[in-house]
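# Summary of the model geometry
Residues per chain are reported as follows:
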Amino acid sequence: LEHARSTQSGRFVATQTPQSAFMASSAAPFAAPFAVRGTPATNPGRRPSRAGAHRRSRGSRAPRAAVAAPAVSWPDGTGRAELGGIVAEASVVNLGKRGEIATGLPFLDHMIDQLTSHCQLGVSVVVAKDGVPCVPCVDASGDDDETVAVAAGFALGRALAQMLAPGVDVVAAGAVPSAAATAEFASPLDEAYSTCVISLTSPGQGALAFDLAPYGPGEGRARIGKYRTALTEPFWRGVVEASGLSVSLTKRRGDNAHHIVEATFKSFARCLRKCMDQVEGIDVTAMNERLDGVTRAAGKARSTKETTIDVRLDLDGSAAASAVSTGIKTLDALLGSIANEGGVQLNVDATGDLWIDDHHTTEDVAITVGQVLNESLGDKAGCNRMGSAAAAVLDGEDSADANAALVEVVMDLSNRPFLSNGLEFRDEFIGDLSAEMIDHLFMSIAANGQMTVHVVEHSKGRSDADLAEASARAFGRCLRQCIAVDPRRAGQVASSKGTLSV
């Protein structure tokens, strides 16, 4: 993966990221490839109910513990930009409620709103033309659209600069490690996903690396509704120049213009929150928070002429208590790795018509795992929802070696099932599992888990076994991020729609 870093001039240069940068800090090496592993319990495990056990006490959604004391606080920020007869005013409030967003470009309004849903900022951006404020949900596009986009970007950037100033200061003073001031995050939307890198280490030297075009197949779309896709870059240039941030925005995949742009705004929002959290010393995934009155567990048993399966999943249980038995050792190990890296308790007991082949057993187990995952998550209230993670494996061990298999997974508990799988195996079998069934494994979990998943092969490694193991570990690490409860969301769903249930 190419990682954008800023030089002293504030410009980005592309450098090859060491594979160690993608290894989760909690990951530990293990004895052998395809061995079902567990980690020491950090929470007391609970035996999940045989039926779906997602229960909520409606009157109690507070977290069990408060967020760790921050090293820095983020003040409210305001910004204003005036370009001719166009005046844009913006404000941002950390952990605040959505403000009024009315630029006269409704699609841009919807994109800016992603900062509220995914960065947890109360954002307001209002544009006035010749003294007349634009109205939310009313199109006012015209010949001045680019001026509007630039002004809105500048106003928002100036508001962000005020809010982020204390974080920039503590980094510059050495009170926070400089590494904490750079973050990377990838966000998907169906077939599209974009990567954002943000650095706070070059205050006042904002630089933008921007690579989203084309907005769709061929030459791409020129418009999304009445919004011109070409306005996206000048908007971001305004944000970056006014905020002083160093930002890289890159489309990795995507054929739908709306998806490409929205995935990019989401990636910026998520990346900015990640950077802020790193400066504050907050790691929501490591907190293992829970919502009062919620049991995130489910179980399902099914029997057909082809397979008999019993699956139990507890998202807040102990991974060390997981046990997987399908009659296919490689499948057992991959599911065990997902559970281990995901920090969940997964118990699978399955028998199938292995005298025919491994297809029915792998497919039916993965379907059931996806179903209980979806049931355990319930309405996904309070969840992080999105995650991006990677794993590098050599000879069954986590490794930073250049010969390791390196796989990245980008995930969204979106209620929009989609899988893009870029794994390409060299051989027909991986141990006792058909290589083609790896795709079926991820497809069945994603479809029945109601999730968007991108599996990206960055390095094939020395063996298919390492490539498969890296994909399972990355999937599990990504899942751990997604299911983590962020107490700052106060039990609310991370969506600009307000729900992921419809």
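See the structure shown above.
Sequence order as written defines residue numbering, which begins from 1 separately in each chain. Per-residue local features are limited, in this predicted model, to residues with pLDDT of at least 70; the limit for side-chain atom pairs, both in listing and counting, is 80 or more; totals at the level of whole chains, interfaces and linings are taken over all residues. To obtain the side-chain values, all non-hydrogen atoms of the structure were included, while hydrogens and water were left out.

### Some words on the sheet that holds strand β24 (residues 452–459)
A strand pair is defined by DSSP finding two or more bridges across the two strands. Segments assigned H or I by DSSP are reported as helices when at least four residues long, segments assigned E as strands when at least two residues long, and all are numbered from the N terminus. Here we have five strands laid out as an open sheet, ordered β19-β18-β20-β24-β21, and mixed in their pairing. Here the strands that pair on one side only, and so sit at the sheet edges, are β19 (397–398) and β21 (418–421). Relative to β24, strand β20 (residues 405–412) is paired through seven bridges, and the arrangement is antiparallel. When the sheet's bridge partners are listed, Glu 408 is paired in β24 with Val 456. Packing of helix α9 (residues 436–448) onto the sheet brings it into contact with β21 and β24, and relative to β21 it is tilted by some 160°. Contact between two residues is taken to exist if any of their heavy atoms lie within 4.5 Å; hydrogens are not considered. Working convention: axes come from line fits to C-alpha atoms, limited for helices to the stretch in contact. Angles between N-to-C directions cover 0 to 180 degrees.

### Describing the packing of helix α8 (residues 359–377) against α9
Closest axis-to-axis distance for the α8/α9 pair is 7 Å, and the angle between their directions is 25°. Considering the angle they form, α8 stands roughly parallel to α9. In the crossing of α8 with α9, the sense of the turn from one axis to the other is right-handed. Contact with α8, carried on its side by His 359, Thr 362, Glu 363, Ala 366, Ile 367, Val 369, Gly 370, Gln 371 and Asn 374, involves Met 437, His 440, Leu 441, Ser 444, Ile 445 and Asn 448 of α9 and no other residues of that element. In the scheme used here, Gly and all other residues not listed as nonpolar or charged are polar, with Ala, Val, Leu, Ile, Met, Phe, Trp, Tyr, Cys and Pro taken as nonpolar and Asp, Glu, Lys and Arg as charged. Grouping the amino acids of the contact of α8 with α9 by side-chain chemistry returns six nonpolar, eight polar and one charged. Each angle receives one of four descriptions, namely roughly parallel if under 35 degrees, roughly antiparallel if over 145, roughly perpendicular if within 65 to 115, and oblique otherwise. The sense of a crossing depends on the near helix, which, turned anticlockwise from the far helix by less than a right angle, makes the crossing left-handed and, turned clockwise, makes it right-handed.

### Here we look at the sheet that holds strand β17 (residues 345–352)
Spatially, the four strands line up as an open sheet ordered β14-β15-β17-β16, and their pairing is mixed. Either end of the sheet is taken by a strand with one partner, and the two such strands are β14 (297–303) and β16 (323–325). Direction aside, the axes of adjacent strands within the sheet are offset by 5° on average. Here β14 runs beside strand β15 (residues 307–314); their pairing, made up of seven bridges, is antiparallel. Note on β15: the bridge partner recorded for Ser 303 is Thr 308. Strands β14, β15 and β17 of the sheet are contacted by α8, whose axis makes an angle of about 30° with β15.

### A word on the side chain of His 454
Within the secondary structure, His 454 sits in strand β24. The rule is simple: take the accessible area with a 1.4 Å probe, protein chains only, and divide by the maximum for that residue type; under 20% is buried, over 50% is exposed, in between is partly exposed. Taking relative accessible area as the criterion, His 454 reaches 0% and is therefore assigned buried. We define a polar contact as two N or O atoms separated by no more than 3.5 Å, with the added condition that, inside protein, one atom must be a possible hydrogen donor and the other a possible acceptor, whereas residues neighbouring each other in sequence contribute only through side-chain atom pairs. In this structure the side chain of His 454 is engaged in a polar contact, spanning 3.0 Å, whose partner is the side chain of Arg 253.

### Comments concerning helix α4 (residues 232–243)
The end-to-end C-alpha distance of α4 is 17 Å, a good match for the 16 Å that 12 residues give at a rise of 1.5 Å each. For α4, the buried fraction is high: nine of the 12 residues fall into the buried class. For α4, the set of buried residues is Thr 232, Pro 234, Phe 235, Trp 236, Gly 238, Val 239, Val 240, Ala 242 and Ser 243. In the core, the buried residues of α4 are packed alongside α1 (106–112), α3 (145–172), β10 (207–211), β12 (227–228), β13 (246–253) and α5 (257–280). Looking one or two residues past α4, Gly 244 carries a phi angle of roughly 80°, positive in sign. For a helix, the expected span equals 1.5 Å multiplied by the number of residues minus one.

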